[in-house]
Amino acid sequence: MFRNRFLGAFLTFALLAPTAALAQDLRAKSAASPNSTGAKSAVYTAPKAVIDKIRDEGTNHSQVVQTLSYLTDVIGGRLTNSPNMKRANEWTRDTMAKWGMQNAKLEAWGPFGRGWSLKSFSAQVNEPTAFPVIAYPKAWSPSTKGAVTSEVVYLDIKSDEDFAKYKGQLSGKIVLISRTREIKADFEGMGSRRTDEELAKMAAAPDPSTVTAPQPGQQQAPTPEQQERARQFALAQKMFGFVFDEGAAVVIDNSRIGSGGTLFVSAASVAPLPTPAGQAAPQGGGFGGGAAARARSAAYNKDNEARMVPQLTMATEDYNRIVRMIQLGAKPKMTVDIQAQFHDEDLMGYNTVAEIPGTDPTLKSELVMLGGHLDSWHSGTGATDNAAGCAVAMEAARILIASGLKPRRTIRVALWSGEEQGLNGSREYVTQQFGERKQAPPVPAGQPAPPVDVVKTANYDKLSAYYNLDNGTGKIRGVYMQGNSAVRPYFEAWLAPFADMGAKTLTLSNTGGTDHLSFDRIGLPGFQFIQDEIEYDARTHHSNQDTFDRIQADDMKQAATIMAAFVYQTAMMDEKMPRKVLK
Ligand SMILES: [Zn+2]
């Protein structure tokens, strides 16, 4: 699941105008849409014997755990464009081909940027007392020049005035760049499932386009919280520029959440270029910009290697201790050795795709898609984010093949890459295959929103629906309908046989952060399932503990079974899945 820590701060500025325009457009159209009542008289449902067969294969003959174990234990973390990512692309392609799927191949997109792999790493405190620390280099961090042993400096900067006292003090030093963070006892426990109350609230949620949309052209003032986040972001950027200019040898930040040795680590930060006098500082990438815009300031852009200090994230207990030591007058020394390799031989990204060919003479040229992202962050093995979703999507296809079912439409599994850097693989694939949304210019206050402009390819009308799984290891509890009420009768009928497995909730709400958005944003039916949380945000999502042992095997089997049934029935119905109207 994609998470941009600065997105919130810039949401108002970067995304408001197009979001408002889209919401307005949907509101205007939904009243006139023949699909909006969802009153389809005969919804296709597979015979009970078929559903029973899918359930038996998915429950009693499941391969999902074996698939997941190979992806995580043998291949490991799958940073976009790393050698492990390539191995995962090839292994998933070969595995699906072995199961009898057709047209199994890698599809290029991009260019994305360079790959990175960690060759060796060590970090420890040597003085005044020796102890190892729990830490992990950030992705695309440059190597240190051999093992660096140095005094540790805590960069205690809260405002612009604080920079002066560190001027000339950081050359060759190991620098702690973030604040300490209080750790609280975990009285509640980390794991959770969605409660009945929570699901009932989701089911009652109104059409998102009728509640959250500001009027077109209305520029909302940022909240104090957004202003503070923007200020913190600007300060952090300035600090990275400062330590770079001052010649620090290593930069260490504090894991932003987590405890008990769990740390959350993503990409290295690039020192911003000095802003010419009189110009506004450039903003961070975020989902609003294109892949090329994001790559400009990204660590995976080769041009930025010279503007990065070797850097790592440390577990909070160790980080806090070293800061406290400094505040008590000790002068700790550390040794840090990061040896990493950049991979520049192929800058293209790759998605894995494979098909179960359709059997209906007319409908076989149409598509039903399912998938999740195969790339991950690098400190764990990307088990819940998102080997889980990939193993489930693959398993759903395997279930259909093993059950001897012959779908009318072609079913295509897609395993994306570049998701963690901004949904790149799915978005570029959708652009290539189906079409592209043209960004509307900002609307002046009081003027009506222009129609959303989608440039469609010939395949646009061939896709029925895309189903995504990327919210961890939790079982499926229902589906986010993305404001498309016309799909309700289908999904209601298809969830009914799985009510005993805990899946029965439909919500009109949107959910974000993952690859169904690439379809949804150009008006194609793209859905993410509602899943149980388990330990996703508290422990595993982007952490060094996102490993096979955090996987709930029975949840994975349930998810694959339900996904198989949804995909099969979408491939069997006469009509395509109704679309929400997007001019
Ligand atoms: Zn993620």
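Caption draft 1: Quick look at helix α9 (residues 316–327). Taking 1.5 Å per residue as the helical rise, α9 with its 12 residues ought to reach 16 Å, and the 16 Å between its terminal C-alpha atoms agrees with that figure. For α9, the complete set of buried residues consists of Thr316, Asp318, Tyr319, Asn320, Ile322, Val323 and Met325. Following α9 by one or two positions, Gly329 adopts a phi angle in the positive range, close to 95°.

Caption draft 2: Expanded view of the packing of helix α12 (residues 488–495) against helix α15 (residues 553–572). Where α12 meets α15, the axes come as close as 10 Å, and the angle between the chain directions of the two elements is 130°. Taken together, the axis directions place α12 and α15 in an arrangement best described as oblique. In this structure, the crossing between α12 and α15 has a hand that is right-handed. Taking contact as the criterion, the partners of Phe491, Trp494 and Leu495 in α12 are, on α15, Phe566, Gln569 and Thr570. Considering only residue class, the contact of α12 with α15 consists of four nonpolar, two polar and no charged.

Caption draft 3: Examining the coordination of the zinc ion more closely. Within the protein, Met1 (N), Met1 (O), Asp385 (OD), Glu420 (OE), Glu420 (OE) and His542 (NE2) serve as the donor atoms for the zinc ion, at 1.9 to 2.6 Å. Around the zinc ion sit six donor atoms, and with donor-metal-donor angles ranging over 56 to 152° the site reads as irregular. Mapped onto the sequence, the donors of the zinc ion take the spacing M-x383-D-x34-E-x121-H. Pair noted here: Met1 is in the segment before α1 (7–30) and Glu420 is in the loop between β12 (410–416) and α11 (424–433), with a separation of 419 residues, a long-range link. Judged by relative accessible area, which is 19%, Met1 ranks as buried.

Caption draft 4: The arrangement of the sheet that holds strand β15 (residues 463–468) in detail. Pairing is mixed in the open sheet, where eight strands are placed in the order β1-β10-β12-β11-β15-β18-β16-β17. Strand pairing shows two members of the sheet lacking a second neighbour, β1 (102–109) and β17 (505–507), which therefore form its edges. Geometrically, the sheet is characterised by an average inter-axis angle of 25° between neighbouring strands, direction not taken into account. Across seven bridges, the pairing between strand β11 (residues 367–373) and β12 is parallel. Across the sheet, the residue bridging to Leu370 is Val413, located in β12. Packing against the sheet, helix α5 (residues 196–203) makes contact with β16 (476–480), β17 and β18 (526–531), and its axis sits at approximately 40° to β17. Contacting β1, β10 (349–356), β11 and β12, α11 crosses the sheet at an angle of about 105° to β1.

Caption draft 5: Representation of the pairing of β12 in the model. Along β12, seven of the seven residues are buried, which leaves the element largely enclosed by surrounding structure. Residue alternation in β12 divides its side chains into two sets, Thr410, Arg412, Ala414 and Trp416 and Ile411, Val413 and Leu415, and both sets are buried. Pairing analysis gives five bridges linking β10 to β12, with the strands arranged antiparallel. Considered in β12, the bridge of Thr352 is made with Leu415. Following the chain from β11 across helix α10 (residues 383–402) to the adjacent parallel β12, one finds a crossover that is right-handed.

Caption draft 6: Structural detail: the nonpolar core. Formed by 67 residues in total, the largest nonpolar core has its most connected members in Leu370, Leu400, Tyr467, Phe491, Met563, Phe566 and Met577. Apart from the residues lying within four places of it in its own chain, the contact partners of Phe566 are Tyr467, Val479, Phe491, Trp494, Leu495 and Phe529. Ala123, Tyr154, Leu312 and Tyr319 belong to the second largest nonpolar core, which has 22 residues in total.

Caption draft 7: Looking closely at the pattern of salt bridges. Counting across every chain of the model gives 27 salt bridges. Asp555 is paired through a salt bridge with Arg193; the nearest N and O atoms lie 2.7 Å apart. One end of the pair, Asp555, is in helix α15; the other, Arg193, is in the loop between β6 (174–176) and α5, and 362 residues separate them in sequence. Exposure remark for Asp555: the relative accessible area of 5% places this residue in the buried category. Judged by its relative accessible area of 38%, Arg193 falls in the partly exposed class. Put simply, Arg194 and Glu198 hold a salt bridge, and the shortest N to O gap is 2.9 Å. Relative accessible area serves as the criterion here: at 18%, Arg194 is assigned to the buried category.

Basis of the calculations
Residues numbered from 1 in each chain as written. Predicted model: local features only at pLDDT ≥ 70, side-chain atom pairs only at ≥ 80, totals over all residues. Heavy atoms only, no water. Helix = DSSP H or I, 4+ residues; strand = E, 2+ residues; numbered from the N terminus. Expected span 1.5 Å × (residues − 1). Buried < 20%, exposed > 50% of the residue type's maximum accessible area, 1.4 Å probe, protein only. Axes fitted to C-alpha atoms, helices over the stretch in contact; angles between N-to-C directions. Parallel < 35°, antiparallel > 145°, perpendicular 65-115°, else oblique. Left-handed = near helix turned anticlockwise from the far one by under 90°. Contact = heavy atoms within 4.5 Å. Nonpolar A, V, L, I, M, F, W, Y, C, P; charged D, E, K, R; others polar. Donors = N, O, S within 2.8 Å, 3.2 Å for Na, K, Ca; no water. Tetrahedral: all angles 85-135°; square planar, octahedral: opposite > 155°, others 65-115°. Pairing = 2+ DSSP bridges. Right-handed = clockwise from strand over helix to strand, strands pointing away. Core = buried A, V, L, I, M, F, W, Y, C linked by side-chain atoms within 4.5 Å. Salt bridge = Lys/Arg side-chain N within 4 Å of Asp/Glu carboxyl O.

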